[in-house]
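# Reading the structure
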Amino acid sequence: MQLTEGGSLYDRIGPEHLHTLLTRFYRHVAADPLLAPIFPGDWEVTRDKQFAFMSGFLGGPPLYHQRYGHPRLRARHLPFPVTPVRARAWLACMKAALDETPEIARADAAEYYAALTKVAAHMVNTEDEPTPV
């Protein structure tokens, strides 16, 4: 994340808007037939953990580290089949949530999304199922 005169991306987005974004994001995830089945179902807990992680990821307080230890992001997701298709669906949910959150400046949203594309690619741990011929 870039540090600008406005501070870190966390400073520029702000915790309130990040919380709003993640609430919208998880509404999309819960409605997605590819993604919803691999989430534990307690969307509030999931959102709160994501908020804690994203706070530190964006340059804010290291809430996830303080509460849960090192994120070990890929290792924590290994029990779940994260395929390339699911990674793209996850990003589509985030793009939709960013588009629905005008409180986040477009340049900040673009910077955030670009960083998340790298994270999504890193999280892939299972190949897509072959399409039947």
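Here is what the cut-offs are and how they apply
Residues numbered from 1 in each chain as written. Predicted model: local features only at pLDDT ≥ 70, side-chain atom pairs only at ≥ 80, totals over all residues. Heavy atoms only, no water. Helix = DSSP H or I, 4+ residues; strand = E, 2+ residues; numbered from the N terminus. Contact = heavy atoms within 4.5 Å. Core = buried A, V, L, I, M, F, W, Y, C linked by side-chain atoms within 4.5 Å. Buried < 20%, exposed > 50% of the residue type's maximum accessible area, 1.4 Å probe, protein only.

Turning to the side chain of serine 55, a few remarks are in order. Its location among the elements puts serine 55 in helix α3 (residues 43-57). In contact with serine 55, not counting residues within four places along its chain, are Tyr10, Leu18, Gly60, Pro61 and Leu63.

With that out of the way, let us pick up the nonpolar core. Formed by 32 residues in total, the largest nonpolar core has its most connected members in Leu18, Leu21, Phe25, Leu58, Trp90, Met94 and Tyr112. If you list the elements that add at least two residues to this core, you get α1 (9-13), α2 (15-31), α3, α4 (63-68), α6 (84-99) and α7 (106-123). Examining the composition of this core, we find that eight residues originate from one element, α6, more than from any other. The residues touching tryptophan 90, leaving out its near neighbours within four places in the chain, are Phe25, Leu35, Phe39, Gln50, Leu116 and Ala120.

Note that alanine 105 resides in the loop between α6 and α7. Residue alanine 105 is classed as partly exposed on the basis of its relative accessible area of 41%. Expressed as a C-alpha distance, the spacing of alanine 105 and arginine 12, which sit 93 residues apart in the sequence, is 8.3 Å.

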